[in-house]
Amino acid sequence: MEHWKRTIERANRCFMLGELVDAREAYLQALALAQVLFERWADADEAVAACVVSHHNLADLHLRLNQPEESAEYLCAIHQRLLQTMQDERLTPALRAAAQRQSHKTYVELLNFISEHGEYPRTQRLLHCNAATSRQRNAPLHHGVH
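Residues numbered from 1 in each chain as written. Predicted model: local features only at pLDDT ≥ 70, side-chain atom pairs only at ≥ 80, totals over all residues. Heavy atoms only, no water.

- Under an unreviewed UniProt entry, the name given to the protein chain is Tetratricopeptide repeat-containing protein, and the organism recorded is Pseudomonas beijingensis.

In structure tokens form, the structure reads like this:
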């Protein structure tokens, strides 16, 4: 966890200084660490939060670079990962519960992005696929688990 924290802090410093290439490289390193350690972190909430923060920081960076479609990709990727984690019975209950708690944040971030920047192919696929799945189960129409 400490290595991830130092990496994300370095990336944030670069981002604030406008050194966006260096920030992107450090954010990608932080994301790789979070993904590799996702199922191995001692604290499930920290594991999920690190993955969410890494994705969201990359989304913010791509918005700063005027690349909203790439931003949408990162926002969708983490929301989809959390939805999959919640469904994966081979994962610990703590990790699945942490994913469910964080999925509310990723869902809101995704909706805020869409309201400001519009829909992109992946946002449409993710949200409409989840809506169709909900209808198939005769559940009320909701996106994801919300």
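## A word on helix H5 (residues 93-117)
Working step 1: Its 25 residues give H5 an end-to-end C-alpha distance of 35 Å, which sits within 8% of 36 Å, the value for a rise of 1.5 Å per residue.
Working step 2: Along H5, the helix axis deviates most sharply at Gln102, where the bend reaches about 30°. (Helix = DSSP H or I, 4+ residues; strand = E, 2+ residues; numbered from the N terminus. Expected span 1.5 Å × (residues − 1). Bend = angle between axes of the 7 residues up to and from the residue.)

## Details of the pattern of salt bridges
Working step 1: Counted under the stated rule, the structure contains four salt bridges.
Working step 2: Arg90 serves as the salt-bridge partner of Glu39, at 3.2 Å between the closest nitrogen and oxygen. Residue Glu39 is found in the loop between helix H2 (20-37) and helix H3 (44-64), and its partner Arg90 is found in the loop between helix H4 (68-87) and H5; the two are separated by 51 residues along the sequence.
Working step 3: Residue Glu39 is classed as partly exposed on the basis of its relative accessible area, which comes to 44%.
Working step 4: With a relative accessible area of 60%, Arg90 lands in the exposed category.
Working step 5: The shortest N-O distance in the salt bridge between Arg101 and Asp45 comes to 2.6 Å. Of this pair, Arg101 sits in helix H5 while Asp45 is found in helix H3, placing the two residues 56 residues apart along the sequence.
Working step 6: For Asp45, a relative accessible area of 39% translates into the label partly exposed.
Working step 7: Linked by salt bridges that have partners in common, Glu39, Asp88 and Arg90 make up one network. (Salt bridge = Lys/Arg side-chain N within 4 Å of Asp/Glu carboxyl O. Buried < 20%, exposed > 50% of the residue type's maximum accessible area, 1.4 Å probe, protein only.)

## Some points on the packing of H4 against H5
Working step 1: In contact at an axis separation of 8 Å, H4 and H5 are set at 155° when each is read in the N-to-C sense. The orientation of H4 relative to H5 falls into the category roughly antiparallel. The two elements H4 and H5 cross, and the hand of that crossing is left-handed. Taken together, the residues of H5 that come into contact with H4 (itself represented by Pro68, Ser71, Ala72, Leu75, Cys76, Ile78, His79, Leu82, Thr85, Met86 and Gln87) are Leu95, Arg96, Ala99, Gln100, Gln102, Ser103, Thr106, Tyr107, Glu109, Leu110 and Phe113. (Axes fitted to C-alpha atoms, helices over the stretch in contact; angles between N-to-C directions. Parallel < 35°, antiparallel > 145°, perpendicular 65-115°, else oblique. Left-handed = near helix turned anticlockwise from the far one by under 90°. Contact = heavy atoms within 4.5 Å.)

## Notes on the layout of surface pockets
Working step 1: Each pocket or cavity is described by its volume, and for the second largest pocket that value is around 150 Å³.
Working step 2: As for the second largest pocket, its lining consists of His56, Ala59, Asp60, Leu63, Ser71, Leu75, Lys105, Glu109, Asn112, Phe113, Glu116 and His117.
Working step 3: Taken together, the elements giving at least two residues each to the lining of the second largest pocket come down to H3, H4 and H5.
Working step 4: Among the elements that make up the lining of the second largest pocket, the one with the highest residue count is H5 (six residues). (1 Å grid on protein atoms, 1.4 Å probe; cavity = no way out; pocket = protein on both sides within 12 Å on 5 of 7 lines; lining within 4 Å. Points joined across faces, edges and corners; volume = space filled by probe spheres on them.)

## Re unusual backbone geometry
Working step 1: Even without a glycine there, the phi angle at Asn66 is positive, about 60°.
Working step 2: Within the element layout of this structure, Asn66 appears in the loop between H3 and H4.

## A few points about the packing of aromatic side chains
Working step 1: Across all of its chains, the model carries two aromatic pairs by this definition.
Working step 2: An angle of 75° between the planes, with centres 6.5 Å apart, marks the rings of Trp4 and Trp41 as edge-to-face. Of this pair, Trp4 sits in helix H1 (residues 2-16) while Trp41 sits in the loop between H2 and H3, placing them 37 residues apart in sequence. Trp41 matches Trp4 in its accessibility class, with the two residues each being buried.
Working step 3: One residue, Arg64, lies across the ring of Phe15, its end atom 4.3 Å from the ring centre. (Phe/Tyr/Trp six-rings, centres within 6.5 Å; stacked < 30°, edge-to-face > 60°. Lys NZ or Arg CZ within 6 Å of the ring centre and 35° of its normal.)

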